[in-house]
Amino acid sequence: MNVFRILGDISHLLAIIILLVKIHKSKSCAGISGKSQILFALVFTTRYLDLFTTFISVYNTVMKVIFLICAYITVYMIYVKFRKTFDSENDSFRLEFLLVPVTGLSFLENHSFTPLEILWTFSIYLESVAILPQLFMISKTGEAETITTHYLFFLGLYRALYIANWVWRYYTENFYDQIAVVSGVVQTIFYCDFFYLYVTKVLKGKKLSLPMPV
């Protein structure tokens, strides 16, 4: 395991913690896309089924369990505990536009045609587009709270660091996973406009708005 992988995991975990703290402290999930959080919970669920079949390391197992627990806590807070603050009107992205093609692609392009492998591939493809409902919601409302933009920044940073991790592994281990790399690049592209606006607006104390993502 290299430094880019570790930093990527830390950035990912920090993003989730920022989101949970935001919801807990404000007692509101305003501005947060519940649909994106459902997709992320689905990503972790389908990816980490190997918890029941394969042991890699204590670190790996602990991180998987933490991500799963945090994902479902987030969904619970949005749809149950603070459901009255949930902006369902603006969280209107149609998930079938993502789930149908991602499901089809996972059956067509995978490493091996087995249930666990197809589900793992599905999780990789789905993660690359899971943030779209959140970006779509921001574009509809016209702006995002600063704490929400911090969450998105660290989420995007996590993916950028994982690309660095794959480059490192290619040159040091001659390892290359085309599905993971291509999906990761696609996901990072979705964050490009956001990164620019984060640096030019949020870090200067201004509110953030995004163009229509789809």
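Along each chain, numbering runs from 1 in the same order as the chain's sequence is written. Whole-chain, interface and lining totals are the exception, using all residues; otherwise, since this is a predicted model, local features are given only for residues with pLDDT of at least 70 and side-chain atom pairs are given and counted only at 80 or more. Water and hydrogen atoms were dropped before computing side-chain values, which therefore reflect all heavy atoms in the structure.

Colleague: Help me out: how do you make sense of the UniProt feature "transmembrane region" (unreviewed entry) in the chain in this one?
Modeller: Mapped onto this numbering, the UniProt entry annotates "transmembrane region" (unreviewed entry) at residues 62-80, 120-138, 150-168 and 180-199. The secondary structure listing takes helices from DSSP runs of H or I that are at least 4 residues long and strands from runs of E that are at least 2 residues long, numbered from the N terminus. The straight-line gap between the two end C-alpha atoms of residues 120-138 is 29 Å; of that span, 89% is helix and 0% is strand. Helix and strand shares over residues 150-168 are 100% and 0% respectively, and the end C-alpha atoms of the span are 27 Å apart. UniProt positions are given in the numbering used here, feature names are shortened, and annotations may be inferred rather than shown by experiment.

Colleague: What's the story with the packing of helix H4 (residues 96-108) against helix H5 (residues 115-129) in this structure? I'm lost.
Modeller: The geometry of a pair of packed helices is captured by two quantities: the angle between their axes and the separation between those axes. Direction vectors running N to C along H4 and H5 enclose 140°, while the axes themselves pass 9 Å from each other. Regarding the angle of H4 to H5, the classification is oblique. Between H4 and H5 lies a crossing whose hand is right-handed. Counted together, Leu98, Leu99, Val102, Thr103, Leu105, Ser106 and Phe107 of H4 and Ile118, Thr121, Phe122, Tyr125, Leu126 and Val129 of H5 form the full contact between these two elements. Across the contact of H4 with H5, the residue classes break down as 10 nonpolar, three polar and no charged. Note on geometry: axes are C-alpha line fits, over the in-contact stretch for helices, and angles between N-to-C directions span 0 to 180 degrees. Roughly parallel refers to an angle under 35 degrees, roughly antiparallel to one over 145, roughly perpendicular to one between 65 and 115, and oblique to any angle outside these ranges. Two helices crossing with the near one rotated counterclockwise from the far one by less than a right angle form a left-handed crossing, whereas a clockwise rotation gives a right-handed crossing. Note on contacts: a residue pair qualifies if any of its non-hydrogen atoms lie within 4.5 Å across the two residues. Nonpolar residues are Ala, Val, Leu, Ile, Met, Phe, Trp, Tyr, Cys and Pro. Charged residues are Asp, Glu, Lys and Arg, and all others, Gly as well, are polar.

Colleague: Sorry if this is basic, but what is going on with a nonpolar patch on the surface here?
Modeller: The patch calculation keeps residues exceeding 30% relative accessible area without a salt bridge and links them within 9 Å when they carry like charges or within 5 Å when they are nonpolar (Val, Leu, Ile, Met, Phe, Trp, Tyr). Values of accessible area rely on a 1.4 Å probe in the Shrake-Rupley scheme; residue burial ignores everything except the protein chains shown. The working definition used for a salt bridge is a side-chain nitrogen of Lys or Arg within 4 Å of a carboxyl oxygen of Asp or Glu. Taken together, the side chains of Met1, Val3, Ile6, Leu7, Ile10 and Tyr59 present a nonpolar region at the surface, about 550 Å² in accessible area. Residue contributions to the nonpolar patch peak at four residues, all from helix H1 (residues 3-26). With respect to the helices and strands, Ile10 occurs in helix H1. The exposure class assigned to Ile10 is partly exposed, which follows from its relative accessible area of 48%. Accessible area is worked out with a 1.4 Å probe on protein chains only. A residue is then buried under 20% of its type maximum, exposed over 50%, and partly exposed in between.

Colleague: I would appreciate a short explanation of the nonpolar core in the present structure.
Modeller: Here is a general trend for soluble globular proteins: nonpolar side chains tend to be buried in one another's company. By nonpolar core we mean a set of buried residues, namely Ala, Val, Leu, Ile, Met, Phe, Trp, Tyr and Cys, connected to one another through side-chain atoms within 4.5 Å. Counting residues in hydrophobic clusters, the biggest one holds 53 residues, and the most contacted among them are Tyr151 and Leu155. For this core, the secondary-structure elements that each account for two or more residues are H1, helix H2 (34-47), helix H3 (58-81), H4, H5, helix H6 (132-141), helix H7 (146-173) and helix H8 (178-200). Setting aside its immediate chain neighbours within four residues, Leu155 contacts His12, Ala15, Phe40, Ile131 and Tyr191.

Colleague: Teacher, can you tell me more about unusual backbone geometry here?
Modeller: Negative phi is the rule for most residues except glycine; trans is the rule for most peptide bonds. Backbone geometry places Lys27, a non-glycine residue, at a positive phi of 55°. Note that Lys27 resides in the loop between H1 and H2. Here Lys27 falls in the exposed class, since its relative accessible area comes to 53%. Even without being glycine, Asn174 reaches a positive phi, approximately 55°. As for its position among the elements, Asn174 is in the loop between H7 and H8.

Colleague: I keep staring at H5 and nothing clicks. Help me out?
Modeller: In an α-helix, one turn spans 3.6 residues, which is why side chains three or four residues apart end up on the same side. Expected span of a helix, by definition, is 1.5 Å for each gap between consecutive residues, and there is one gap fewer than residues. Its 15 residues give H5 an end-to-end C-alpha distance of 22 Å, which sits within 8% of 21 Å, the value for a rise of 1.5 Å per residue. By the criterion of burial, H5 is predominantly enclosed, with 11 of the 15 residues buried. All of the buried residues along H5 are Glu117, Ile118, Thr121, Phe122, Ser123, Ile124, Tyr125, Leu126, Glu127, Ser128 and Val129.

Colleague: Where do I start with the environment of Ile6 in this structure?
Modeller: Looking at the secondary structure, you find Ile6 in helix H1. The exposure class of Ile6 is partly exposed, given its relative accessible area of 34%. Separated by 155 residues in the primary sequence, Ile6 and Leu161 place their C-alpha atoms 9.0 Å from one another. With residues up to four places along the chain from it excluded, the contact list for Ile6 reads Met1 and Tyr59.

Colleague: For this particular structure, what's the right way to read the environment of Ser36?
Modeller: Checked against the element boundaries, Ser36 lands in helix H2. With 40 residues separating them in the primary sequence, Ser36 and Tyr76 have C-alpha atoms 13 Å apart. Setting aside residues no more than four positions away along its own chain, Ser36 makes contact with Ala130, Ile131, Leu132, Pro133 and Gln134.

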